[in-house]
Amino acid sequence: SLLAGAILQSRVAEFDYIDARNRRTHRRVAALRLWFKSHVWYLEAYCFERRAFRVFRLPRIHDIRLLEETFERAALPAQPSPEEAPGPPHEHERP
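### Some points on the environment of Thr70
Alright, step 1. When you line up the elements, Thr70 lands in strand 5 (residues 61–70).
Alright, step 2. Residues in contact with Thr70, not counting those within four places in the same chain, are Gln9, Ser10, Arg11 and Val12.

Next up, the structure:
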């Protein structure tokens, strides 16, 4: 998938995201990891627009594009500790 490629190549990705309230936003992210839980794939990424780590449900991601721009994990802000690390959000949480 494009997102797996973004993770492996440390390339910035951009996409449109539809949240739980059906609002569409454009996101530019440093994709960090993918995981599968409760029949849904999730993406953990650093969102440059929000200046924060976010978790995105893959079924809500549309129009993915990989940019030529790359990122270095060490240059991103410090990730939260494991106790604070993002996990799959509940429907009421905002990614």
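Additional details are given in the paragraphs that follow.
### Quick word on the confidence of the model for the protein
Alright, step 1. In this model, the protein carries an average pLDDT of 87, and 83% of its residues clear a pLDDT of 70 or more.
Alright, step 2. At the low end of the mean pLDDT range in the protein sits helix 1 (residues 2–9), at 94; at the high end sits strand 1 (residues 11–18), at 97.

### Some points on the pairing of strand 2 (residues 24–37)
Alright, step 1. Relative to strand 2, strand 1 runs antiparallel, the two being bridged by seven bridges. Counted as the bridge partner of Asp16 is His26 from strand 2.
Alright, step 2. The antiparallel pairing of strand 2 with strand 3 (residues 40–47) creates a hairpin that spans two residues between the two strands, and Ser38 there sits at a positive phi of about 50°.

### Structural notes on the pattern of salt bridges
Alright, step 1. One pass over the full model with this rule turns up seven salt bridges.
Alright, step 2. Among the salt bridges present, the one from Glu44 reaches Arg33, with a minimum N-O distance of 2.5 Å. With Glu44 in strand 3 and Arg33 in strand 2, this pair connects stretches of sequence that are 11 residues apart.
Alright, step 3. When salt bridges that share partners are traced, they join Asp16, Arg24 and Asp63 into one network.

### Regarding unusual backbone geometry
Backbone geometry follows two general trends: most residues other than glycine have a negative phi, and most peptide bonds adopt the trans configuration.
Alright, step 1. We note that Ser10 has phi near 50°; this positive angle belongs to a residue other than glycine.
Alright, step 2. Residue classification places Ser10 among the partly exposed residues on the basis of a relative accessible area of 22%.
Alright, step 3. With phi around 50°, Ser38 is a residue other than glycine that occupies positive phi space.
Alright, step 4. You can call Ser38 exposed: its relative accessible area is 58%.

### Observations regarding the packing of aromatic side chains
Alright, step 1. Applying the stated criterion to the full structure yields six aromatic pairs.
Alright, step 2. A centroid spacing of 5.2 Å and a plane angle of 85° characterise the contact between Phe15 and Phe56, whose relative ring orientation is edge-to-face. In this pair, Phe15 is assigned in strand 1 and Phe56 in strand 4 (residues 52–57), connecting sequence segments 41 residues apart.
Alright, step 3. With a centroid separation of 5.4 Å and an interplanar angle of 80°, the aromatic rings of Tyr46 and Phe48 are classed as edge-to-face.
Alright, step 4. Its relative accessible area of 23% is what places Phe48 among the partly exposed residues.
Alright, step 5. Cluster of aromatic residues (ring-pair linked, three or more members): Phe15, Tyr17 and Phe56.
Alright, step 6. The ring of Phe48 has Arg28 sitting right over it, with the charged end atom 4.5 Å from the ring centre.

Parameters and conventions
Numbering of residues begins from 1 in every chain and follows the order in which that chain's sequence is written. The model is predicted, so local features are restricted to residues of pLDDT at least 70 and side-chain atom pairs to those at 80 or more, both for listing and for counting; the totals for chains, interfaces and linings are taken over all residues. Here the side-chain values reflect all heavy atoms present in the structure, with hydrogen atoms and water set aside. Runs of E in the DSSP output that reach at least two residues are strands. Runs of H or I that reach at least four are helices, and both are numbered from the N terminus. The contact criterion used throughout is that any non-hydrogen atoms of two residues lie within 4.5 Å. pLDDT is a residue-level measure of predictor confidence that goes from 0 to 100. Here, strands pair whenever DSSP counts at least two bridges between them. The term salt bridge refers to a pairing of a side-chain nitrogen on Lys or Arg with a carboxyl oxygen on Asp or Glu at a separation within 4 Å. Buried, partly exposed and exposed residues are distinguished by accessible area as a fraction of the type maximum, computed with a 1.4 Å probe on protein chains only: under 20%, between the cut-offs, and over 50%, respectively. Pairing of aromatic rings covers Phe, Tyr and the six-membered ring of Trp, with a centre-to-centre limit of 6.5 Å; geometry is then stacked below 30 degrees between planes, edge-to-face above 60, and tilted otherwise. Only when the NZ of Lys or the CZ of Arg is both within 6 Å of the ring centre and within 35 degrees of the ring normal is a charge said to sit over the ring.

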